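As a plain string of letters, each chain reads:
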Amino acid sequence: MPTITLNKTVFEKLVGKKLPLEQLKDRISMLGTDLEKIEGDEIHVEIFPNRPDMLSEAGFARAFSSFIGVKKGLRKYSIKKSNYLVIIDSSVEGIRPYTACAVVKSIQFDAEKIRQIIQIQEKLHVTYGRNRKKAAIGIYPLDKITFPVTFKADKPDRIKFWPLEAAQSMSATQIIEEHKAGKEYGHLLAGFPRYPYFIDAQQEILSMPPIINSHHTGRVTEETKGVFIECSGFDFEVLSRCLTMIATALADMGGELYSVELDYGKKKRITPNITPTTMKLDFDYINQRLGLNLTVKEIVKYLERMGYGYEKNMVLIPSYRADILHQVDLIEDIAIAYGYENFKEEIPRAGTIGQEAPLESFARKVREVLVGLRLLEVKNYHLMMKEELTVKMNSASGGIALKNAVGDYNHLRNSIIPSLLKTLAENQHQEYPLNLFEMGRVFEEGKNTETGVKEIDKLAIALCHEKVDFTEIRQVADVLISSLGLTLAVKEMTHPSFISGRVGEILVDKKKIGIIGEIHPAVLTNWKITTPVAVLELDVEKMWELVNK
Amino acid sequence: MEVLKGIIAKLHPLERKILPALSKEKELTALCASSGLDPTEATRALQWLANKQVLTIQSTATKVVVLDKNGVKYYQDGLPEKAFLKALSTNFQSLSAIASKSKLSADELTACIGLLKRKLAIEIRKDKELEIKLGPQGVKVLERPSLEELFLATQFPRSLESIQGEELLAFEELRKRKELLKIEEQKRVVVELTPLGKKLVLADLGGEVVNRLTPEMLKMGTWKQKNFRSYDVEINVPPVHGGRKHFDTEALEYIKRIWLDLGFVEMTGNYVQSAFWDLDALFVPQDHPAREMQDTFYLQGKAKLPKIWEKVKKVHEDGGNTGSKGWGYTFSKEETEQILLRTHTTVLSAQTLVGLKKENLPAKFFAVGKVFRNEALDWKHLFEFYQVEGIVVDPKANLKHLKGYLTQFYAKMGYSKVRMRPAHFPYTEPSLEVDVFHPLRKEWIELGGAGIFRPEVVIPLLGFDCPVLAWGQGMGRIITEYWKITDIRELYKNDVKQLREMKGWLR
């Protein structure tokens, strides 16, 4: 989750109130943000991904100020009309079809404000902009641009400008191949015959979104007094909201907002659009979900604490809020304003009957029998290395591969026996006998399942000491199976992991439910185990079915 | 007197056997001979008696001469030079003839020739080969026992100190010869009775004492005439190992018990799931950062989708019939068909909602199950771990109940204070983070998320809107905390010693 750094002095000025440190910490965390740390004049806060509007000093302070009751209700912003025009050429269709733009004036940038604006841009790029895929943001000093600006697309070798962080003019192809930003974000333009760019009336290229701005027009400095902002992408609503987040933050920092006319050919739009959206509330629904008896007046008060307005039975939702999809989103904000700490715990008197899952309860009983046989339960991971399942077991089949595991454990096991051998190998220095069992899941290909994988609950037992033999493991099997009221038979079979002539299938009512035998010395040697081992593995689900027959 | 009685009552049979010998002997070998015990038994008995202050043991190391390989042979067969002389006559014979008559080895022949020549017992000439006949002293040497022979006939082992005078000459001579004698360190154990011991030796040990009660004695009633030896019940005994559940299982069973007691029905299900169930059915946006490859284990192939997938698709796209705006994108079928290892047990809650009927409400479900995260193992990360999941599907459920259930649960886990903090999860609204107060460390610890399922989740799965309280809590923190484990890998290290000795879950 993204973390932002706030300058405490700037933050307090924006909030309009200074809180004692402890109270500040508590309120930040009860607003629904995670306070990471406060270091001197720096406050580090983690913002949840549903609130990109809080990814700046101004945005965070705005929410916080309402929350603590200083500047409540819907924040008003005025937008001055202007003649700024951006023409969207039809050539960007299918490539990067939309942009939303704004102009902000009368803002004197200094080092601190530049840091803030870079932070907003970066954090929004990563989160709401999904690494510039959904939205890319460009901010330009206004005085370097001559309107109207055109947003168009052209063949890469016909676009040439001096990008930021480069020594000279480059072609779009060169930028993608050689420039740092080109290498990082070039994949977003891959496959397109034409690349999008903004160009002004003087034929000066402003930028090539979502890659890089131009050196001439793309850098805000301490001389900058006004900026042109554009967001480009694929969904106009998303871009418009993203633009509002930046524009309102700049307005809170002292800027004056000016509208920009967007000429989409057939359609004209004007941004930024700060008209709040509206939503109707069902008060009973709110009280029911929260278990409260709030009056309309109280609900409105809490809504104002969260920066909403309320007019004519409608909630006014600020245009920068990206997360209000449903009434329940407002309910959460009402709950936050009410204070999560103020909800008292309550247990309803309604009676329901608890029930353990039948197979789980059966497994628990099996475990008790095994513990009675003085076996020790171990618990291994379901993920193993391929080599452990195949080479070491003298076997060709080896579980189910994962596509992208970061560690060496990249196969779902097909048997618990390798897990037990692994445990024995790691415990050879312990006091013998080492008599172990494990219950868990194994994985096979399964044609009739939703995922093509069949999961089977199994039980495996391993006995390990100098004199262990088939008889001993068979005795254990007999005790277990007879404790279930069943009788087992063993039918000889061959298996590469076992000594030939000392391995068999376990049958109950002629149904195969497992395998039993002495592990082959070659397998033991593969595991570097120097004491004989006898094992069995049983299908727990089949045992349970037989018990219920 | 009382002390003596106490000692007598607890005497082990071995101690009883050696006690009479102690009145006559002091040295271990002699004690063995006298008591009929072997040295191991005798040593144990003496050690126990020493522990009871009956005697003191002094062990000294002395140098002794013992017979080596050839020494043992010559001790029985006589020295080779005698055999050599016996094979000779007054006429010259070839060495090979002498060798076959005397049955001596080449080494022995060489040694004998040197030795007997010095004593003038043989004469040698060289023709085609070496020829030998009795010399002037031959008969005399043959008939009279040599110093070496006399020495060899004494009893071994002999202490080095005891070898003096002529024996010393013989000893020096024999030592030069191959593998005949060797000098060893011998431990000599001598005991000294304490005043208590002196009394004990004289005391009446009270006839036969019985070590074990036998079925025979019980059947025949002979136990009535027996005296049973008293044990030292205060000493430690060798360890044994019982069978046990894994300590983690003990904790999980306890956790399950709590939810069962609270009237919850257990949910189980597959580890391998489709992205549909794990994410899309829970309204996680398809471009959510958490869906990126690095957090989730993916498998090859495409999952089959259940029928309701189209409803879910609609809800993602425009909210469908849920009253929501939806995410406003085009839902990708390919994305939802991906196969993965479940990242949370909430997938089970989603599946449980399907097919639940209105008339069966309120209904409560829980799961204690494994979940998977694509991470390398380290001291605070596991790639598979347990999550505790719960849902309450109740038309009357509210946020206060959610706090109520969790407070009940954690109270039984040993944490009496529970706190809710605002949080964000794509499938719940309100969403909250659950903290419990650690009574000793005096700090809040974060245990997982909870909330009320969004209508976008509930309506497509359940078929109608209803508050569904939901939580997914990590148990690793609480379990490691209980056993004071700092490295989370210790939970599933399967160290047999740890599993055998770990204290149980005693809540």
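Computed from a predicted structure; not experimentally measured. (Residues numbered from 1 in each chain as written. Chains lettered and ligands numbered in written order. Predicted model: local features only at pLDDT ≥ 70, side-chain atom pairs only at ≥ 80, totals over all residues. Heavy atoms only, no water.)

With that settled, consider the overall build of chain A. Of the regular secondary structure elements, chain A holds 16 helices and 30 strands. Relative to the globule expectation of 24 Å for 549 residues, the C-alpha radius of gyration of chain A, 34 Å, shows a markedly less compact shape. Restricting to contacts in chain A with at least 6 residues of sequence separation, those with at least 24 account for 69%. A total of about 23,800 Å² of accessible surface is found on chain A, and carbon and sulfur atoms cover 48% of it. (Helix = DSSP H or I, 4+ residues; strand = E, 2+ residues; numbered from the N terminus. Rg over C-alpha atoms; globule rule 2.2 N^0.38 Å. Contact = heavy atoms within 4.5 Å. Areas by Shrake-Rupley, 256 points an atom, 1.4 Å probe, with all protein chains shown as cover.)

Secondary structure summary: chain B contains 22 helices and 18 strands in total. The C-alpha atoms of chain B give 46 Å as radius of gyration, which overshoots the globular expectation for 507 residues (23 Å, by more than 25%). Dimensions of chain B, computed from C-alpha atoms along their principal axes, come out at roughly 135 × 80 × 50 Å. Sorting the 507 residues of chain B into buried and exposed places 52% on the buried side. The long-range share in chain B, meaning contacts at least 24 apart out of those at least 6 apart in sequence, stands at 68%. For chain B, the accessible surface area stands at approximately 24,900 Å², while carbon and sulfur atoms represent 53% of it. Distance between charge centres in chain B, computed from 77 positive and 66 negative side chains, equals 4 Å. (Buried < 20%, exposed > 50% of the residue type's maximum accessible area, 1.4 Å probe, protein only. Lys, Arg positive; Asp, Glu negative; His and termini not counted. Charge placed at Lys NZ, Arg CZ, Asp CG, Glu CD.)

This brings us to the pairing of strand 8 (residues 149-154) of chain A. Residue and element names in this part refer to chain A. For strand 8, the tally of buried residues reaches five of six residues, placing the bulk of the element in the interior. As defined by bridge partners, strand 5 (residues 85-88) adjoins strand 8 across three bridges and the pair is classed as parallel. Bridge pairing links Ile88 to Phe151 in strand 8. As paired strands, strand 8 and strand 11 (residues 195-199) are joined by five bridges and run antiparallel to one another. Looking across to strand 11, one finds that Asp154 is bridged to Tyr195. (Pairing = 2+ DSSP bridges.)

So, about a positive patch on the surface. Residue and element names in this part refer to chain B. Together, Arg118, Lys119, Lys140 and Arg144 give the surface a local cluster of positive charge. By the element assignment, Arg144 lies in the loop between helix 9 (138-143) and helix 10 (147-152). Here Arg144 falls in the exposed class, since its relative accessible area comes to 56%. (Patch = residues over 30% accessible without salt bridge, like charges linked within 9 Å, V, L, I, M, F, W, Y side chains within 5 Å. Salt bridge = Lys/Arg side-chain N within 4 Å of Asp/Glu carboxyl O.)

For any two helices packed against each other, one specifies the inter-axial angle together with the distance between the axes. Residues and elements named next belong to chain B. Their axes nearest at 10 Å, the elements helix 14 (residues 247-261) and helix 19 (residues 399-412) cross at an angle of 140°. Here helix 14 is positioned oblique relative to helix 19, judged by the angle of their axes. Our pair here, helix 14 against helix 19, has a crossing hand that is right-handed. Here Tyr254, Ile255, Ile258 and Trp259 of helix 14 come into contact with helix 19, specifically with Tyr405, Phe409 and Lys412. Taken together, the residues that form the contact of helix 14 with helix 19 break down as six nonpolar, no polar and one charged. (Axes fitted to C-alpha atoms, helices over the stretch in contact; angles between N-to-C directions. Parallel < 35°, antiparallel > 145°, perpendicular 65-115°, else oblique. Left-handed = near helix turned anticlockwise from the far one by under 90°. Nonpolar A, V, L, I, M, F, W, Y, C, P; charged D, E, K, R; others polar.)

Take the sheet that holds strand 15 (residues 418-422) of chain B next. Sheet strands line up and pair through hydrogen bonds in the backbone, either parallel or antiparallel. Residue and element names in this part refer to chain B. One open sheet accounts for seven strands, arranged 9-13-14-18-17-16-15; its pairing is mixed. Each edge of the open sheet is held by one strand with a lone partner, namely strand 9 (265-266) and strand 15. Pairing of strand 16 (residues 428-438) with strand 17 (residues 443-453), which is carried by nine bridges, proceeds in the antiparallel orientation. Opposite Thr428, over in strand 17, you have Phe453 as the bridge partner.

The next point concerns unusual backbone geometry. With an omega of 0°, the peptide bond between Phe147 of chain A and Pro148 of chain A qualifies as cis. Looking at where Pro148 of chain A falls in the secondary structure, it is placed in the loop between strand 7 (135-141) and strand 8. Note that the residue after Glu429 of chain B, namely Pro430 of chain B, is joined by a cis bond; omega there is 0°. With respect to the secondary-structure elements, Pro430 of chain B resides in strand 16. The phi torsion at Arg374 of chain A lies on the positive side, around 60°, for a residue other than glycine. Along the chain, Arg374 of chain A turns up in the loop between helix 11 (358-372) and strand 21 (376-377). For Arg374 of chain A, a relative accessible area of 48% puts it in the partly exposed group. One non-glycine residue, Glu179 of chain B, lies in positive phi territory at about 50°. Take Glu179 of chain B: it is sitting in the loop between helix 11 (165-176) and strand 6 (181-193). Glu179 of chain B sits in the partly exposed class, given a relative accessible area of 34%.

For the rest of this paragraph, the subject is the domain arrangement of chain B. Domain annotation of chain B identifies domain 1 (2-59 + 189-228), domain 2 (67-185) and domain 3 (248-501). For domain 2 of chain B and domain 3 of chain B, the distance between their C-alpha centroids amounts to 94 Å. (Domains from an automatic or database assignment.)

Overall, the coordinates contain 69 salt bridges over all chains when judged by the stated rule. Across the salt bridge formed by Glu112 of chain A and Arg115 of chain A, the nearest N and O atoms sit 2.9 Å from each other. Note that Glu112 of chain A and Arg115 of chain A are positioned in helix 4 (residues 111-126) at a spacing of three residues, about one turn of the helix. On the basis of relative accessibility, which here comes to 29%, the residue Arg115 of chain A falls in the partly exposed class. Two residues, Glu377 of chain A and Arg367 of chain A, come together in a salt bridge whose shortest N-O distance is 3.1 Å. In this pair, Glu377 of chain A is assigned in strand 21 and Arg367 of chain A in helix 11, connecting sequence segments 10 residues apart. Pair check on accessibility: Glu377 of chain A and Arg367 of chain A agree, each one buried. Connected via shared salt-bridge partners are Asp34 of chain A together with Arg419, Arg421, Asp435 and Glu446 of chain B.

On to the packing of helix 4 of chain A against helix 7 (residues 236-252) of chain A, then. Residue and element names in this part refer to chain A. Remark: helix 4 packs on helix 7, axes separated minimally by 11 Å, with the N-to-C direction vectors making an angle of 165°. Considered as vectors, helix 4 and helix 7 are oriented roughly antiparallel to each other. Here the hand of the crossing between helix 4 and helix 7 comes out right-handed. Taken together, the residues of helix 7 that come into contact with helix 4 (itself represented by Ile117, Ile120 and Leu124) are Cys242, Met245, Ile246, Ala249 and Leu250.

Let us look at the nonpolar core. Among the nonpolar cores identified, the biggest contains 189 residues, and Leu421 of chain A together with Tyr410 of chain B are the most heavily contacted of them. Per-element tally for this core: the top contributor is helix 7 of chain A, with 11 residues. Residues within four places of Leu421 of chain A in sequence aside, it is in contact with Met393, Ile519, Val523, Leu524, Trp527, Ile529 and Val533 of chain A. Counting 42 residues, the second largest nonpolar core, distinct from the first, contains Leu279, Leu348, Phe453 and Val458 of chain B. (Core = buried A, V, L, I, M, F, W, Y, C linked by side-chain atoms within 4.5 Å.)

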